[in-house]
Every structure is written in structure tokens, then in C-alpha cells.
Amino acid sequence: TGIPLMYFDQSKWQLQPYGNYVHPISIFSRNYQPKMHELFVKSKAPKIDFGIGYRHRPNESSLLVATKKAAKP
């Protein structure tokens, strides 16, 4: 499942996208995230050579690895 990008405070999370973020399948079309697409493009997300989830076809899958940053003292 996908957590909307707006829930990741980028001062607290390191975000690393992989794959290709494309529009959701038709039943979830209202959940398209333009900012997610922007993150994938700006980050030049590395391609992945496997499919996962609803978008399991080549060049359609995307993964977002979110790693919590260390707390500042």
C-alpha cells in the first residue's frame, strides 16, 4: 500500500524513490499524487527490473524507501 507523500515530513524522513511512478489504476484514479511524480522525476529514480503491486508490468512499478533521519540533539 502507499502512504501519501504529504505524510512524510522531509525534515524527518530521507526519501529514495525507485522505478517509475505512473497514475494509479482506474479504481484509484482520484489518488494520483503529482508531488510523488515530481519526486520520482527530480530524483532521477533508478529503474527496477521487477514488478510489484497493482502496477506489476515492466516500467510501471514504483517503490519509495523512507528512512527515518536521526534525531537532532
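Owing to the predicted nature of the structure, the values given are computational and were not obtained by experimental measurement.

A separate point is the overall build of the protein chain. For the protein chain, the count of helices and strands is one helix and two strands. The order of α-helices and β-strands along the protein chain, N terminus first, is β-α-β. Principal-axis analysis of the C-alpha atoms places the extent of the protein chain at approximately 45 × 25 × 20 Å. Taking all 73 residues of the protein chain together, 21% fall into the buried category. Taking the intrachain contacts of the protein chain between residues at least 6 apart in sequence as the baseline, contacts between residues at least 24 apart amount to 69%. Split by element, the accessible area of the protein chain, about 5,900 Å² in all, is 57% carbon and sulfur. Averaging the coordinates of the 11 positive side-chain charges in the protein chain and doing the same for the 4 negative ones gives two points 5 Å apart.

In this section: the nonpolar core. Grouped together as the largest cluster of nonpolar side chains are eight residues: Leu5, Phe8, Leu15, Tyr21, Met36, Leu39, Phe40 and Ala45. Among the elements that take part in this core, helix 1 (residues 34–42) stands out by supplying three residues, more than any other.

Taken together, Ile3, Met6 and Tyr7 make up a surface patch of nonpolar side chains, about 400 Å² in accessible area. The topology assignment puts Tyr7 in the segment before strand 1 (13–19).

Turning next to the pattern of salt bridges. Under the defined criterion, the tally for this structure stands at two salt bridges. Across the pair Lys42 and Glu38 runs a salt bridge, and its minimum N-O distance is 3.3 Å. Of this pair, Lys42 and Glu38 both sit in helix 1, four residues apart, roughly one helical turn. Overall, the relative accessible area of 34% leaves Glu38 in the partly exposed class. A salt bridge links Glu60 to Arg55; its shortest N-O distance comes to 3.3 Å. For Glu60, a relative accessible area of 22% corresponds to the partly exposed category.

Right, let's get into the side chain of Gln33. For Gln33, the position within the fold is in the loop between strand 1 and helix 1. Filtering out sequence-adjacent residues up to four positions away, Gln33 remains in contact with Pro4, Leu5 and Tyr21.

Turning our attention to the environment of Tyr54. With respect to the element layout, Tyr54 can be found in the loop between helix 1 and strand 2 (62–68). Relative accessible area serves as the criterion here: at 58%, Tyr54 is assigned to the exposed category. In contact with Tyr54, not counting residues within four places along its chain, are Ile25 and Phe28.

The rules behind these values
- Residues numbered from 1 in each chain as written.
- Predicted model: local features only at pLDDT ≥ 70, side-chain atom pairs only at ≥ 80, totals over all residues.
- Heavy atoms only, no water.
- Helix = DSSP H or I, 4+ residues; strand = E, 2+ residues; numbered from the N terminus.
- Buried < 20%, exposed > 50% of the residue type's maximum accessible area, 1.4 Å probe, protein only.
- Contact = heavy atoms within 4.5 Å.
- Areas by Shrake-Rupley, 256 points an atom, 1.4 Å probe, with all protein chains shown as cover.
- Lys, Arg positive; Asp, Glu negative; His and termini not counted.
- Charge placed at Lys NZ, Arg CZ, Asp CG, Glu CD.
- Core = buried A, V, L, I, M, F, W, Y, C linked by side-chain atoms within 4.5 Å.
- Patch = residues over 30% accessible without salt bridge, like charges linked within 9 Å, V, L, I, M, F, W, Y side chains within 5 Å.
- Salt bridge = Lys/Arg side-chain N within 4 Å of Asp/Glu carboxyl O.

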